[in-house]
Amino acid sequence: MIKITKVCVYVEVLFLLICSACNAVGSRPDPFKQNELLGRGVNLGNALEAPMEGQWGVTLEAEYFELIQGAGFNSVRIPVRWSAHALKDKPYTIEASFFKRVDWAVEQALSRGFHVILNMHHYEEIYIDPAGHQQRFLALWEQIAGHYKDQPANLLFEFLNEPNKNLKAEPWNQLIEEVLKVVRRSNPYRTVVIGPASWNNIDFLDKLRLPDADRNIIVSCHYYKPFEFTHQGASWVGTSAAKDWIGTQWSGTEKEGQAIIEDFEKARVWAQKNKRPVNIGEFGSYSKADMASRALWTAFIARQAEKKGFSWTYWEFCAGFGVYDRQEKRWNEPLVRALIPPEK
Ligand code: BGC
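What counts and what doesn't
Within each chain, residue numbers correspond to sequence positions counted from 1 in written order. Note on the predicted model: pLDDT of at least 70 is required for a residue's local features to be given, and 80 or more for side-chain atom pairs to be given and counted; whole-chain, interface and lining totals, by contrast, use all residues. Derived side-chain values reflect all non-hydrogen atoms in the structure, with water molecules and hydrogen atoms excluded from consideration. In plain words, nonpolar cores are sets of buried Ala, Val, Leu, Ile, Met, Phe, Trp, Tyr and Cys residues tied together by side-chain atoms within 4.5 Å. To sort residues, take the accessible area from a 1.4 Å probe on protein chains only and compare it with the maximum for the residue type: under 20% means buried, over 50% means exposed, and anything in between is partly exposed. A run of H or I in DSSP becomes a helix once it reaches four residues, and a run of E becomes a strand once it reaches two; helices and strands are each numbered from the N terminus. Contacts between residues were defined by any pair of non-hydrogen atoms, one from each residue, lying within 4.5 Å. The span expected for a helix works out to 1.5 Å for each residue beyond the first. Here the bend at a residue means the angle between the axes of two seven-residue stretches, the one that ends at it and the one that starts at it. Salt bridge criterion: a side-chain nitrogen from Lys or Arg within 4 Å of a carboxyl oxygen from Asp or Glu. Pairing between strands is defined by DSSP: at least two bridges between the two strands are required. Handedness of a crossover: with both strands directed away from the viewer, a clockwise path from the first strand across the helix to the second marks it as right-handed. A fitted line through C-alpha atoms represents every axis, and for helices the fit uses only the stretch in contact; the resulting angles, taken between N-to-C directions, go from 0 to 180 degrees. Two N or O atoms form a polar contact when they lie within 3.5 Å of each other; inside protein one atom must be a possible hydrogen donor and the other a possible acceptor, and for residues adjacent in sequence the pair counts only when both atoms belong to side chains. When two rings of Phe, Tyr or Trp (its six-membered ring) have centres within 6.5 Å they constitute a pair, described as stacked for plane angles under 30 degrees, edge-to-face for angles over 60, and tilted for the intermediate range. Orientation labels follow simple angle bins: below 35 degrees gives roughly parallel, above 145 gives roughly antiparallel, 65 to 115 gives roughly perpendicular, and whatever is left gives oblique. Note: crossing handedness is left-handed where the near helix turns anticlockwise from the far helix by less than a right angle, and right-handed where it turns clockwise. Amino acids outside the nonpolar list (Ala, Val, Leu, Ile, Met, Phe, Trp, Tyr, Cys, Pro) and the charged list (Asp, Glu, Lys, Arg) are all regarded as polar, and Gly is one of them. Method remark: on a 1 Å grid restricted to protein atoms, a set of points is classed as a cavity if a 1.4 Å probe fits but cannot get out and as a pocket if it is open with protein on both sides within 12 Å along at least five of seven lines; lining residues have an atom within 4 Å of a point. Grid points are joined across faces, edges and corners, and a volume is the space filled by probe spheres set on the points.

*Asks:* Looking at this model, I keep getting lost on the nonpolar core. Mind explaining?
*Replies:* One finds W82 and F137 to be the most contacted residues of the largest nonpolar core, which totals 94 residues. No other element matches helix α7 (residues 169-186), which puts eight residues into this core. When residues no more than four places from it in sequence are discounted, the contact partners of F137 are M120, Y123, I126, F159, L160, L175 and V179. The next biggest cluster of nonpolar side chains, apart from the first, holds five residues, and it includes L38, I117, L156 and I218.

This is the structure:
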C-alpha cells in the first residue's frame with residue numbers, strides 16, 4: 001500500500017516537473033494553437049504606451065483585468081512605450097521602476113489565465129531614424145526578453161507596433177532578422193508576434209519577410225477601414241479632414257461588407273500560402289462615430305476574422321475607442337455584445 005502511494009507521488013512529481021518545464025522553458029509551442037488561445041482579446045491602450053502612464057487618461061487597475069476576464073475575453077495586448085523609460089545612450093538601461101510596473105500588469109494578466117501580447121509601442125524615434133536607433137532597439141529587446149524569459153508560454157512578445165515613416169518594408173524585414181536573433185538567445189521557445197510595414201497594414205503582407213526556419217511566429221495586421229469612418233474626428237491622424245468625416249456611418253451594406261471580406265480573404269490566402277497564423281492586433285472605431293454604426297462594424301470585423309481563423313484584439317479597453325466606459329464604470333453594451341455575442 002505504502003509502495004503504491006510512493007509510486008503515485010513519484011509519478012505526480014514527475015508529471016508536475018514535465019508540465020512546468022514545458023510551460024516555462026521547455027518545448028516549442030504550436031503557433032496555430034497559441035493563436036487559437038489568443039482568441040478574442042482587447043488592447044489595454046492609452047496606458048503604458050503614453051509618454052507617462054496616466055498622461056492619456058488611463059492608469060491600469062487590477063479591476064480592469066477582472067472586468068475583461070468576466071466579459072469572456074481570452075487575451076489582452078499590453079502596449080508599452082519602453083523607449084521613454086530607458087537611457088538614451090549605451091547601455092540603454094530600462095528603468096527598474098518601469099519594469100516593476102510592467103511586471104505588475106503582466107502578472108495581473110497571466111494570473112487570470114489570459115494569453116498576453118506584450119509589445120513595444122510608439123518608439124517614435126526609430127520610425128524616423130531606423131539605422132540610428134537599431135542598436136538601442138536591440139538592446140531594449142535584449143533586456144525585455146531576458147527579464148521575462150522564465151514566464152510561461154502564454155506570454156508573447158510583439159517586437160514593434162506599426163512600423164511607419166522611414167522604417168519601410170525592407171529595413172523592417174532586416175530589423176526583424178536582427179531582433180529575432182537577439183530574442184531567440186534567451187527565449188528559444190517564445191511565441192512572437194510580428195506585423196507588416198506601413199502601420200501593420202494588411203495590404204503589406206506580401207512585403208513582409210520572415211525567417212523561414214522560425215515557425216513560432218504569429219503575424220499581426222491592424223484593420224481600421226474605412227478610415228474615414230473609424231477615425232472620424234480623430235485629432236491625431238494628421239489631416240484636418242478628420243473633423244469633416246464626422247457623421248460617416250457604417251451600415252453593413254453589401255458593398256461595405258464585401259470590401260472587408262476581400263481584404264480578409266487576401267490575408268487568409270497569404271497565411272495559407274506562408275503557413276503562418278494571423279491575428280488582427282488592432283481594430284476599432286473612435287467614439288465620435290455613432291454607436292449603432294460602431295457596433296455593426298465591430299461585430300462584422302470580429303465575425304469575419306473568426307471565420308478566417310484569425311484571432312483578434314480590439315482597440316481598446318477604456319479610452320477613446322473604449323469598449324468600457326471608465327468614467328461611468330460600465331461596459332459600452334453594444335460594443336461588448338458586438339465583440340462577445342451572448343451565447344444562444
Ligand atoms: C495607436 C493609437 C491610436 C490607434 C488608433 C494605435 O496603434 O497606437 O495611439 O489611437 O492606433 O489610431
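*Asks:* Teacher, can you tell me more about helix α6 (residues 130-147) here?
*Replies:* Since the α-helix advances by 3.6 residues per turn, residues separated by three or four positions end up pointing in the same direction. Taking 1.5 Å of rise per residue, the 18 residues of α6 would be expected to cover 26 Å, and the 24 Å separating its terminal C-alpha atoms lies within 8% of that figure. If you look at α6, its biggest bend is around 25°, right at R136. Turning to α6, its buried residues are P130, H133, R136, F137, L138, A139, L140, W141, I144 and A145.

*Asks:* What exactly am I supposed to notice about the pattern of salt bridges here?
*Replies:* Two side chains with opposite charge may pair up if their charged atoms get near one another. Throughout the structure, instances matching the rule amount to 19 salt bridges. Between R77 and E282 there is a salt bridge; the shortest N-O distance is 2.9 Å. Remark: E282 occurs in strand β7 (residues 278-283) and R77 occurs in strand β2 (residues 75-78); sequence separation between them is 205 residues. Across the pair, E282 and R77 agree in class, each one buried. One salt bridge in this structure joins R337 and E333, with 3.4 Å as the shortest N-O distance. Of the two residues, R337 and E333 are both situated in helix α12 (residues 333-339); the distance of four residues between them amounts to about one turn of the helix. Residue R337 is classed as partly exposed on the basis of its relative accessible area of 43%. Members of the salt-bridge network, linked through shared partners, are R40, R303 and E306.

*Asks:* Sorry if this is basic, but what is going on with the pairing of strand β3 (residues 115-119) here?
*Replies:* One face of the sheet, then the other: side chains in a regular strand alternate in exactly this way. With five of five residues buried, β3 is to be regarded as a mostly interior element. Burial along β3 is two-sided: H115, I117 and N119 and V116 and L118, pointing in opposite directions, are all buried. Where β2 meets β3, four bridges bridge the pair, whose relative direction is parallel. By the bridge assignment for β3, I78 is matched with L118. Crossover connection from β2 via helix α4 (residues 96-110) to parallel β3: handedness right-handed.

*Asks:* Hey, could you run me through the sheet that holds β2 in this one?
*Replies:* Backbone hydrogen bonds hold the strands of a sheet together, and the pairing may be parallel or antiparallel. With respect to topology, eight strands assemble into a closed barrel ordered β1-β2-β3-β4-β5-β6-β7-β8, the strand pairing being parallel. Shown here is a sheet whose adjacent strand axes are inclined to one another by a mean of 25°, direction ignored. Sheet topology places β7 next to strand β8 (residues 311-314); two bridges connect them, and they run parallel. Paired with N279 across the strands is S311, a residue of β8. Each of β4 (155-158), β5 (192-194) and β6 (217-223) is contacted by α7, which is oriented at about 170° to β5, the strand it contacts most.

*Asks:* Mind showing me how you'd approach the side chain of D325 here?
*Replies:* Residue placement: D325 occurs in strand β9 (residues 324-325). Here the side chain of D325 touches Q327 through a polar contact of 3.1 Å, landing on its backbone nitrogen. Every residue in contact with D325, bar those within four places of it in the chain, is listed here: R330 and N332.

*Asks:* How should the packing of aromatic side chains be read in this particular structure?
*Replies:* One pair of aromatic rings is described through two measures. These are the centre distance and the angle between the planes. Tallied over the entire structure, the rule returns 25 aromatic pairs. Relative to F300, the ring of W250 lies with its centre 5.5 Å away and its plane at 55°, an arrangement referred to as tilted. Of this pair, W250 sits in the loop between α9 (227-230) and α10 (254-274) while F300 sits in helix α11 (residues 291-308), and the two are 50 residues apart along the sequence. Judged by its relative accessible area of 22%, F300 falls in the partly exposed class. For the ring pair Y286 and F321, a centre distance of 5.5 Å and an interplane angle of 40° mean the geometry is tilted. Note that Y286 is positioned in the loop between β7 and α11 and F321 in the loop between β8 and β9, a separation of 35 residues in sequence. Residue classification places Y286 among the buried residues on the basis of a relative accessible area of 15%.

*Asks:* How do you make sense of the packing of α10 against α11 when you look at a structure like this?
*Replies:* How two helices pack is summed up by the angle between their axes together with the distance between the axes. Where α10 contacts α11, the two axes come as close as 10 Å, and the packing angle between them is 30°. Overall, the two elements α10 and α11 adopt an arrangement that is roughly parallel. The hand of the α10/α11 crossing is right-handed. Touching G257, I260, I261, F264, E265 and R268 of α10 are W297, F300, I301, Q304, A305 and K308, all from α11. When its residues are assigned to classes, the contact of α10 with α11 shows seven nonpolar, two polar and three charged.

*Asks:* What's the story with the layout of surface pockets in this structure? I'm lost.
*Replies:* Any space left empty among the atoms is revealed by the rolling of a water-sized probe across them. Taken as a whole, the largest pocket encloses approximately 900 Å³ of empty space. In terms of lining residues, the largest pocket is bounded by 31 residues, among which E162, W199, Y224, H231 and W236 are the most central. Counting only elements with at least two residues in the lining of the largest pocket, the list comes to α5 (124-128), α8 (197-200) and β6. Reported here for the second largest pocket is a volume of approximately 260 Å³. In terms of lining, the second largest pocket is formed by 17 residues, of which the most central are N35, V278, K308, G309 and F310. Looking at the lining of the second largest pocket, the elements that each hand over two or more residues are α2 (31-38), α10, α11 and β8.

None of this, on its own, says anything about what the molecule does.
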